[in-house]
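Single-letter residue listing:
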Amino acid sequence: MKKITIKDVAKAANVSEATVSRVMSNSQLISTKTKTRVMEIIKELDYFPNSAAVSLTKSSSNIIGVVINGNQNALQNDFFTETLAYINKFALDKGYYILYLQLNNNEEVYDGIYKLIKTNRIDGLIFMNFVEGEEDIEYLQSIDFPYVVIGTPENKKNRLWVDNDNVKSCYDITEICIKKGKKELAFLSGPKNLTVSKHRKQGYLDALNKYNIKVNKEYILNTKFTTTESYQIVKNFLSKNVVDVIITTDDVLAIGAMRAIKDLDLKVEVTGFNNTKLRTYLNYDFLTVDIQYRDLAMGSVELLTNKIENKENAKNYIVVQTEIIK
């Protein structure tokens, strides 16, 4: 008797294989009508997705996919370039090559990952900018495919992850500013759906609450990771508000903010994150946080390759210590 495959299900239901996979992982992107039709076909053909999923992981390519989602300027940011370089180094040390994937949105990420796994092109995945609840993560969970995220997931027990303590780091840098007498503190981060933005914002809020400083929602700003957008947002903000300091979540944002402050001829302190080469090259001396790219990369490769090779990890996560650069 012929073994039924996902391709047979897709053909019978007149949908793509990716759609069948989404139905099996109960994706919210698929309509109820399509889900019902596909599930009827699965039942009719007696298709067993679990056995199919297991078969995907049997061969080895010695290639690890590194995913960056939705950041067109990623390679202009030290976090991505530095961490990626270290990931490549540590992966090669363990006999793996890197396949770099920069995709525009969740839909592209899902389709790209699905095709790579289906054709046995990769053994595992590293996600460099983690967004909670992404469909591709749920798919990987459903087929038990090896992956690690650089970021802190909500479900800390059932994920492999590597990160700094971003809440504490942003709390510490905010506290330093408060102890210097700063009372009006604004906050500028990248996209608010990123877990790193959420956690650093929480650190900022915790510091304000600890020192009984009222939180002004108008002082909490978001932008993309570019100096141009940061410059414009800060310039508009400072034309209407008076603050002592702007806590940012990336040196790129801090540099854009400082340019706006200079053009407005104001005296506002700025802090950054990541201790980038750009900050040193442009001779900026603002307070920043060194997140230790090397350790983040080494930890992600270690956790992932152990999973790929069925070696036991002592823990499912690694927290990398940061250092404030004054």
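Being a predicted model, the structure only gives us computed values, none of them experimental.

Caption draft 1: Region of interest: the overall build of the chain. Assigned secondary structure in the chain consists of 13 helices and 12 strands. With the C-alpha coordinates aligned to their principal axes, the bounding extent of the chain is approximately 75 × 45 × 35 Å. The 326 residues of the chain split such that 51% are buried. Long-range contacts, defined here as pairs at least 24 residues apart, represent 67% of the contacts in the chain between residues at least 6 apart. Counting every atom, the chain has about 16500 Å² of accessible surface; 49% of that belongs to carbon and sulfur.

Caption draft 2: Focus on the packing of aromatic side chains. For the structure shown, the criterion picks out eight aromatic pairs. Geometrically, the ring pair formed by F79 and F80 is edge-to-face, given 5.0 Å between the ring centres and 75 degrees between the ring planes. The exposure classification of F79 matches that of F80, with both residues buried. Seen from their ring centres, Y219 and F237 are 5.7 Å apart, and the 90 degrees between their planes marks the pair as edge-to-face.

Caption draft 3: View of the environment of L103. Position of L103 among the secondary structure elements: in strand β2 (residues 97-103). Owing to a relative accessible area of 17%, L103 belongs among the buried residues under this scheme.

Caption draft 4: The pairing of strand β3 (residues 124-127), seen in detail. Across the two faces of β3 the burial is the same, with G124 and I126 and L125 and F127 all buried. Relative to β3, strand β1 (residues 63-69) runs parallel, the two sharing four bridges. When the bridges of β3 are listed, G65 appears paired with L125.

Caption draft 5: Highlighting the nonpolar core. I126, M128, L185, Y204, I246 and I247 are the most contacted members of the largest nonpolar core, which totals 65 residues. Here the element with the most residues in this core is helix α13 (residues 293-308); it accounts for seven residues. Setting aside residues up to four positions removed in sequence, I126 forms contacts with I64, G65, V66, V67, I87, V148, I150, S300, V301 and L304. I6, V38, Y47 and V109 belong to the second-largest nonpolar core, a separate cluster that totals 34 residues.

Caption draft 6: Quick peek at a nonpolar patch on the surface. A surface patch of nonpolar side chains, amounting to about 310 Å² of accessible area, comprises L278, Y281 and L282. By secondary structure assignment, the location of Y281 is in helix α12 (residues 277-281). Judged by relative accessible area, which is 70%, Y281 ranks as exposed.

Caption draft 7: Representation of unusual backbone geometry in the model. Backbone geometry places N14, a non-glycine residue, at a positive phi of 60 degrees. Within the secondary structure, N14 sits in the loop between α1 (6-13) and α2 (17-24). Phi angles above zero are rare outside glycine, and Q292 is one such case at about 65 degrees. Inspection of the secondary structure puts Q292 in the loop between β10 (288-290) and α13. Accessibility expressed as a relative area gives 24% for Q292, which makes it partly exposed.

Caption draft 8: How the structure looks around the packing of helix α10 (residues 227-238) against helix α11 (residues 251-263). Remark: α10 packs on α11, axes separated minimally by 7 Å, with the N-to-C direction vectors making an angle of 45 degrees. Here α11 runs oblique to α10, going by the angle between their axes. In this structure, α10 crosses over α11, and the sense of that crossing is right-handed. Mapping the contact onto sequence places T227, S230, Y231, V234, K235 and L238 in α10 and V252, L253, I255, G256, A257, R259, A260, I261 and D263 in α11. Partitioning the contact of α10 with α11 into residue classes produces nine nonpolar, three polar and three charged.

Cut-off values and rules
- Residues numbered from 1 in each chain as written.
- Predicted model: local features only at pLDDT ≥ 70, side-chain atom pairs only at ≥ 80, totals over all residues.
- Heavy atoms only, no water.
- Helix = DSSP H or I, 4+ residues; strand = E, 2+ residues; numbered from the N terminus.
- Buried < 20%, exposed > 50% of the residue type's maximum accessible area, 1.4 Å probe, protein only.
- Contact = heavy atoms within 4.5 Å.
- Areas by Shrake-Rupley, 256 points an atom, 1.4 Å probe, with all protein chains shown as cover.
- Phe/Tyr/Trp six-rings, centres within 6.5 Å; stacked < 30°, edge-to-face > 60°.
- Pairing = 2+ DSSP bridges.
- Core = buried A, V, L, I, M, F, W, Y, C linked by side-chain atoms within 4.5 Å.
- Patch = residues over 30% accessible without salt bridge, like charges linked within 9 Å, V, L, I, M, F, W, Y side chains within 5 Å.
- Salt bridge = Lys/Arg side-chain N within 4 Å of Asp/Glu carboxyl O.
- Axes fitted to C-alpha atoms, helices over the stretch in contact; angles between N-to-C directions.
- Parallel < 35°, antiparallel > 145°, perpendicular 65-115°, else oblique.
- Left-handed = near helix turned anticlockwise from the far one by under 90°.
- Nonpolar A, V, L, I, M, F, W, Y, C, P; charged D, E, K, R; others polar.

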